[in-house]
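Close look at the chain arrangement
Next come the chains, spelled out residue by residue.
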Amino acid sequence: MSVSVLVIGAGPAGLSAAVAAADAGAMVTLLDAGDGLGGQYWRHLPPERSSVREARLHHGWPLFERLRERVAADEAITVLTEAQVWAVETTGAVTVRVLVGPADAAGREPLALAADAIVFATGAHDRTLPFPGWNLPGTFSAGAAQALAKGERIAVGRRAVVAGAGPFLLPVARSLTDAGAEVLGVYEAARPLHAAKGWLARPHRLLGAARKGPELAGYLGHHLRRRIPYRLGAAVVEARGEGRVEEAVIARLDADWAPVPGTERTVAVDAVCVSHGFTPRLELPIAAGCRTGPDRFVLVDADQRTSVPGVYAAGEITGIGGVDAALVEGRIAGHRAAGGDRSALRADLRRRRAADDVARRIEAAHGVRPGWRAWLRDDTVVCRCEEVPYGRLRDTAAATAQDSLRSLKLTTRAGLGICQARMCGRTVEELTGAAPASAADTSDQRPLAAPIRLGDLAGLATTPHGGKDTQ
Amino acid sequence: MNADVVVIGAGIVGAACARALARAGLSVVVLERGAAAGATSARGEGNLLVSDKAPGPELDLALHASADWPRLAAELADELGAAFPSVEYQRKGGVVVALTEAGAEPLRAFANGQAAAGVAVEHLDAAAALAFEPDLNPALTAAVHYPQDAQLQPVVAAEALLASARLAGATVLTGTEALGAVRDRAGRLVGVRTRAGDIGAGAVLVAAGPWSGDAAAALGADVPVRPRRGMVLVTARMAQRVRHKVYDGDYFGATQSAAADLQTSSVVESTPGRTVLIGSSREQIGFDDRLRVEVLAQIARRAVRLFPFLADTPVIRAYGGFRPYMPDHLPVVGPDHRHPGLWHATGHEGAGIGLAGVTASLLCAQLTGTEPPLDPAPFQLARPSLAAHLGGTP
């Protein structure tokens, strides 16, 4: 009988894991919470409004089309879209609890899935550091702006600035211009020296990262053609406006990302799109019991195996490495999860080393530096869901002499809202110096991985390993 | 380092005791192996209930607590100032509901017994119950209003008590575990060992909640406290449609039962954060903190039965904690009769948040030889109902 492999997440890592597992003879189930395949990276128009322009708008679109067609045609691969994993149980075999149906709909179909092996490929969402005015309508996470541009062809504004850190800013600027916005500038917090150190150290290694070099070159070429200013060592430090964004305040930053006084200038805009890197989506691997490392990524071995037997991880949850790393890690994870022979992976193992190198460069060049806190004011909202301002967070931490995250969240309500600290968790930890009491107590831990209606929860059938297994 | 009293545990009970002892003029050092207010105190609902307690010593304790919290909350607010978050003390009252014919009469009888013991009790017919809680399941068969039931934000309450203890001179050392006993030549307990050195102490108080057994064992003693796991669900923010602490009558069965099986009863309440808290399960499964979907489903079923409108409400968070549970369902507050110098304050099960203040008064009075707020005899470790569960003298 063939091995069963459950792959969670159908972005680049999950798609390549599913195909590799099927190639190695496994019966594969591929889940994604979205309504299509491709994840954030290959987010595209729904099929009924498909466009011949996708190929021009997306990097690596032919590869995506090959993966998508293969996944659809292969009888060994079952695809479930709109399949939201909301819990993972570990009392028996690792069991994934899923609701299938349109998000927010009542009466979604519940599933409890287990398999011989599970591959988590849940990806990352972009991280946004707070700044005064970031909660005004008209400010967007760069990821949200790009998702609207790619998935709906909607530009978030007519005159936009893109700011933050990392190579992601360039494709976001491109998506915005493709959707019809004028991008007035891209502001990268890393200073030229830092960026150069990260990217130029041992440049021969970069050649090994097959796709990343040309991809970035393509975006820079686009940039130059469009004459969009690309400023290093600068940031949007404030958004202003009556009821919505009307002005962005740009300032130069020092090497620690603290604004340099006197360098502020304002730009009239109707959209500010910001991203300061990525936060891995860790709740499912943590719920499955997978150990994470000090850098807060899932620990994996050379076979992409996590600390939990039968559970693998690939893509951004093991380190922010971009699409090349995700594809190769997915192939390794899928192949090994299916019981495939390691000797077939030699080329992929080499490619992964090159991709890992790119990831290290990105972190070295664009990683968040502590000086950004200097642009906060006491009334700058840190947690948007619960509207917790920075001053209250800092003062409560001082009043309770508290350095643990759990108490601070509960005394300030930071991170307790509908997004469950996905947006502000890392920021709250950094601002308060609050250390999670244990790895299982970080802002990444969410035993409920997604909201579930009480009625859906109440309607679940009793299962063999629920409730009564007391000892 | 030396102290009159070393308190082991910086949850709400340890914090309240440290505050009372420090305000009585004793020097106090609190040792917490993890973070303050980080375990049981941060994983419950913040109940201050008289309604779930049968006549007896625990109800007496709860009635004292109910009378005392308004004063304590005001004192803490006054002392800590406006910058400190509010303990959100709300004497919102409880409404206990029976939804079956079989459940109606036991609920009324239970309430009448409580009324005789001094609990304020108001029987509600269906119309009156629906006037109290318009969204309640109209098929209810009996309902009782308990105006003394109240609610607290448990983590803020624990932090406030600890901050107040600090202001009274107590030293709080987090990340510091009590590793063992320091003894004099006669073998008497005279302090505790920590990685940071020995701390001499006239008395050592174990207030480590469900981990009190481990803490006592490190000092060569035993206390028969066990963990009991409870899960709570939290909804998304919503317009408030639940006005009181509302629960079904089965709650009594669950709190008073020693059965190890999963038990749930529905406890539904709004919070000032505009969420609804839905509890609670009780399982004896040791310190196993793995998620069980069936537990969440049972809690949900009971809650939806109580408030049908909740079926459409999204749950955004689930959390669980371990409650310190004694075999005879009474907390231990007093000296260890076998080990001079050792004291205990634990075993409050799901009631420690509400009972912390009165526990501290009771403990402090015994330790300093002043007049206790109520008879401490039922809460002694030496009580007959615990005899079968205790180890011997050293």
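Residues numbered from 1 in each chain as written. Chains lettered and ligands numbered in written order. Predicted model: local features only at pLDDT ≥ 70, side-chain atom pairs only at ≥ 80, totals over all residues.

A look at the overall build of chain A
Put simply, the rule reads: Helix and strand assignments come from DSSP, with helices taken as H or I runs of at least 4 residues and strands as E runs of at least 2, each series counted from the N terminus. Whether a residue is buried, exposed or partly exposed is read from the other C-beta atoms within 10 Å of its own C-beta, which are placed from the backbone; 20 or more gives buried, 12 or fewer gives exposed, and intermediate counts give partly exposed. Our contact criterion uses C-beta atoms placed from the backbone: two residues qualify when those atoms are within 7 Å.
Assigned secondary structure in chain A consists of 14 helices and 21 strands. The proportion of buried residues among the 471 residues of chain A is 54%. Residue pairs in contact within chain A that sit at least 24 positions apart in sequence constitute 67% of those at least 6 positions apart.

Focus: the overall build of chain B
The following threshold applies: In this description the radius of gyration comes from C-alpha coordinates, and the expected globular size is given by 2.2 Å times residues to the power 0.38.
Secondary structure assignment for chain B yields nine helices and 18 strands. Over its C-alpha atoms chain B spans a radius of gyration of 21 Å, differing by no more than 12% from the 21 Å that the globule rule assigns to 394 residues. Viewed in the frame of its principal axes, chain B has a C-alpha envelope of about 70 × 50 × 40 Å. In chain B, buried positions account for 57% of the 394 residues. Considering only contacts within chain B whose residues lie at least 6 apart along the sequence, 74% involve residues at least 24 apart.

Thoughts on the sheet that holds strand 2 (residues 27-31) of chain A
Residue and element names in this part refer to chain A. Defined as follows: Two strands make a pair as long as DSSP finds a minimum of two bridges between them. Axes here refer to lines fitted to C-alpha atoms; in helices the fit is confined to the stretch in contact. Angles between the N-to-C directions go from 0 to 180 degrees.
The parallel open sheet is built from five strands, whose spatial order is 3-2-1-7-18. In the strand order of this sheet, the two ends are held by strand 3 (77-80) and strand 18 (311-313), each with one partner. On average, adjacent strands in this sheet sit at an angle of 20° to one another, irrespective of strand direction. Pairing between strand 7 (residues 117-120) and strand 18: three bridges, direction parallel.

Thoughts on the nonpolar core
Put simply, the test is: By definition, a nonpolar core groups buried Ala, Val, Leu, Ile, Met, Phe, Trp, Tyr and Cys residues that are joined through C-beta atoms within 7 Å.
In this structure, A:Ala21, A:Val119, A:Val236, A:Cys273, B:Cys17, B:Val28 and B:Val204 are the most contacted members of the largest nonpolar core, which totals 279 residues. Apart from the residues within four sequence positions on either side, A:Val119 is in contact with A:Val5, A:Val7, A:Ile8, A:Ala17, A:Tyr312, A:Ala314, A:Ala333, A:Gly334 and A:Ala337.

Brief notes about the UniProt feature "domain: BFD-like [2Fe-2S]-binding" (unreviewed entry) in chain A
This is how it is decided: UniProt positions are given in the numbering used here, feature names are shortened, and annotations may be inferred rather than shown by experiment.
As recorded in UniProt, the feature "domain: BFD-like [2Fe-2S]-binding" (unreviewed entry) lies at residues 381-431 of chain A. Within the segment residues 381-431 of chain A, helix and strand shares are 49% and 10% respectively, and the terminal C-alpha atoms sit 12 Å apart.

What about the domain arrangement of chain B?
All names here are of chain B. Note the cut-off: Each domain's extent is set by a domain assignment, obtained either automatically or from a database. Note that Gly is not counted as nonpolar here; it falls among the polar residues with everything else outside the nonpolar set of Ala, Val, Leu, Ile, Met, Phe, Trp, Tyr, Cys and Pro and the charged set of Asp, Glu, Lys and Arg.
You can read the domains of chain B as domain 1 (2-66 + 154-224 + 328-389) and domain 2 (94-147 + 227-325). Here domain 1 and domain 2 have C-alpha centroids that lie 28 Å from each other. Contacts between the two partners involve 22 residues from domain 1 and, on the opposite side, 27 residues from domain 2. Here the residues of the side of domain 1 that touches domain 2 are counted per class, giving eight nonpolar, ten polar and four charged.

Points about the sheet that holds strand 16 (residues 271-275) of chain A
All names here are of chain A. Read from one edge to the other, the open sheet built from five strands follows the order 9-16-10-11-12, with strand pairing classed as parallel. Single-partner strands in this sheet number two, and they are strand 9 (139-141) and strand 12 (230-232). Across this sheet, the average inter-strand angle for adjacent strands is 20°, counted without regard to direction. Bridge analysis of strand 11 (residues 182-188) against strand 12 gives three bridges, and the strand direction is parallel.

Thoughts on the domain arrangement of chain A
Residue and element names in this part refer to chain A. Under the domain assignment used here, chain A contains domain 1 (4-125 + 279-363), domain 2 (128-276) and domain 3 (376-441). In this complex, domain 2 contributes six residues to the contact, which on the side of domain 3 involves eight residues. A per-class count over the side of domain 2 that touches domain 3 returns four nonpolar, two polar and no charged.

Re the pairing of strand 2 of chain A
Residue and element names in this part refer to chain A. For clarity, the threshold we go by: The handedness of a crossover follows from its direction of travel: if, with the strands pointing away from the viewer, the path from the first strand over the helix to the second runs clockwise, the crossover is right-handed.
Summarising burial for strand 2: four of the five residues are buried, a large majority. Sheet analysis places strand 1 (residues 4-8) next to strand 2, joined by five bridges and oriented parallel. In the sheet register, Val7 faces strand 2, and the bridge partner there is Leu30. A crossover links strand 1 with its parallel partner strand 2, the connecting element being helix 1 (residues 12-23), and its sense is right-handed. Sheet topology places strand 2 next to strand 3; four bridges connect them, and they run parallel. When the bridges of strand 3 are listed, Thr29 appears paired with Thr78.

Description of the interface of chain A and chain B
Residue-level contacts link 39 residues of chain A with 43 residues of chain B. Of all the secondary-structure elements, those providing two or more residues to the side of chain A that touches chain B are strand 4 (83-89), helix 11 (390-399), helix 12 (405-412), strand 21 (452-453) and helix 14 (454-458) of chain A. For the side of chain A that touches chain B, the per-class residue count stands at 16 nonpolar, 16 polar and seven charged. In this sheet, strand 16 (residues 314-325) of chain B lies alongside strand 21 of chain A in antiparallel orientation, the contact comprising two bridges. Opposite A:Ile452, over in strand 16 of chain B, you have B:Val315 as the bridge partner.

Describing helix 3 (residues 61-73) of chain A
All names here are of chain A. As a reminder, the rule being used: Residue count minus one, scaled by 1.5 Å, sets the expected span of a helix. Working note: the arc is built from the helix axis to C-beta atom directions.
With 13 residues, helix 3 should reach 18 Å at 1.5 Å per residue; the first-to-last C-alpha distance of 18 Å fits that figure. Among the residues making up helix 3, those that are buried are Phe64, Leu67 and Val71. The arc that holds every buried residue of helix 3, seen down its axis, measures 65°, which confines them to one face. Opposite the buried face of helix 3, by more than 90 degrees, sit the exposed residues Pro62, Glu69, Ala72 and Ala73. As for helix 3, its buried residues are in contact with helix 1, strand 2 and strand 3.

A short note on the environment of B:Asp222
Residue and element names in this part refer to chain B. Here Asp222 shows up in the loop between helix 6 (212-218) and strand 12 (226-235). Asp222 sits 167 residues away from His389 along the chain, and the two C-alpha atoms are 9.4 Å apart. In contact with Asp222, not counting residues within four places along its chain, are Gly213, Ala216, Ala217, Leu390 and Gly391.

Overview of helix 12 of chain A
Counted residue by residue, helix 12 of chain A has eight buried out of eight residues, so it is predominantly covered. Among the residues of helix 12 of chain A, those classed as buried are A:Leu405, A:Arg406, A:Ser407, A:Leu408, A:Lys409, A:Leu410, A:Thr411 and A:Thr412. Buried positions along helix 12 of chain A lie against strand 20 (388-389), helix 11 and helix 13 (425-432) of chain A together with helix 5 (154-167) of chain B.

Brief notes about the packing of helix 1 (residues 12-23) of chain B against helix 5 of chain B
Residues and elements named next belong to chain B. As a reminder, the rule being used: By the definition adopted for this analysis, an angle is roughly parallel if under 35 degrees, roughly antiparallel if over 145, roughly perpendicular if from 65 to 115, and oblique otherwise. Put simply, a crossing is left-handed when the front helix is turned counterclockwise from the back one by less than a right angle, and right-handed when it is turned clockwise.
Contact geometry of helix 1 with helix 5 gives a least axis separation of 8 Å together with a crossing angle of 25°. In terms of axis orientation, helix 1 runs roughly parallel to helix 5. Judged by the sense of rotation from one axis to the other, the crossing of helix 1 with helix 5 is left-handed. Residues Ile12, Ala15, Ala16, Ala18, Arg19 and Ala22 of helix 1 form the contact with helix 5, whose participating residues are Pro154, Ala157, Ala158, Leu161, Leu162, Ser164 and Ala165. Broken down by class, the residue content of the contact of helix 1 with helix 5 amounts to eleven nonpolar, one polar and one charged.

Quick notes on the confidence of the model for chain B
Parts of the model with low pLDDT should not have their predicted coordinates read in detail. To keep things clear, this is the line we draw: Confidence scores per residue from the predictor, reported as pLDDT, run from 0 to 100.
On average, residues of chain B carry a pLDDT of 93, and 96% of them reach 70 or more. The ipTM value of the predicted complex is 0.91, and its pTM value is 0.92.

A short note on the environment of A:Leu460
Here A:Leu460 lies in the segment after helix 14. Expressed as a C-alpha distance, the spacing of A:Leu460 and A:Arg191, which sit 269 residues apart in the sequence, is 53 Å.

A short note on the confidence of the model for chain A
Summing up the model confidence of chain A, the mean pLDDT is 88 and the portion of residues at 70 or higher is 88%. Confidence drops under pLDDT 50 across residues 203-210 of chain A; counting only partners more than four residues distant or on other chains, this segment forms eleven contacts.

Some words on the packing of helix 1 of chain A against helix 9 (residues 322-337) of chain A
Residue and element names in this part refer to chain A. Relative orientation of the contacting elements helix 1 and helix 9 amounts to 30°, with a least axis distance of 7 Å. For the element pair helix 1 / helix 9, the angle class is roughly parallel. For the crossing formed where helix 1 meets helix 9, the hand is right-handed. Residues Pro12, Ala13, Gly14, Leu15, Ser16, Ala17, Ala18, Val19, Ala20 and Ala21 of helix 1 touch helix 9, and the partners they reach there are Val323, Ala326, Leu327, Glu329, Gly330, Arg331, Ala333, Gly334, His335 and Ala337. Here the contact of helix 1 with helix 9 is composed, by residue class, of 13 nonpolar, five polar and two charged.

Overview of unusual backbone geometry
Cis geometry marks the peptide bond from B:Gly279 to B:Ser280, where omega comes out at -5°. In this structure, B:Ser280 sits in strand 15 (residues 276-282). Although it is not a glycine, A:Arg296 adopts a positive phi angle of roughly 65°. On the basis of neighbour count, A:Arg296 is assigned to the partly exposed category, with 17 C-beta atoms found within 10 Å.

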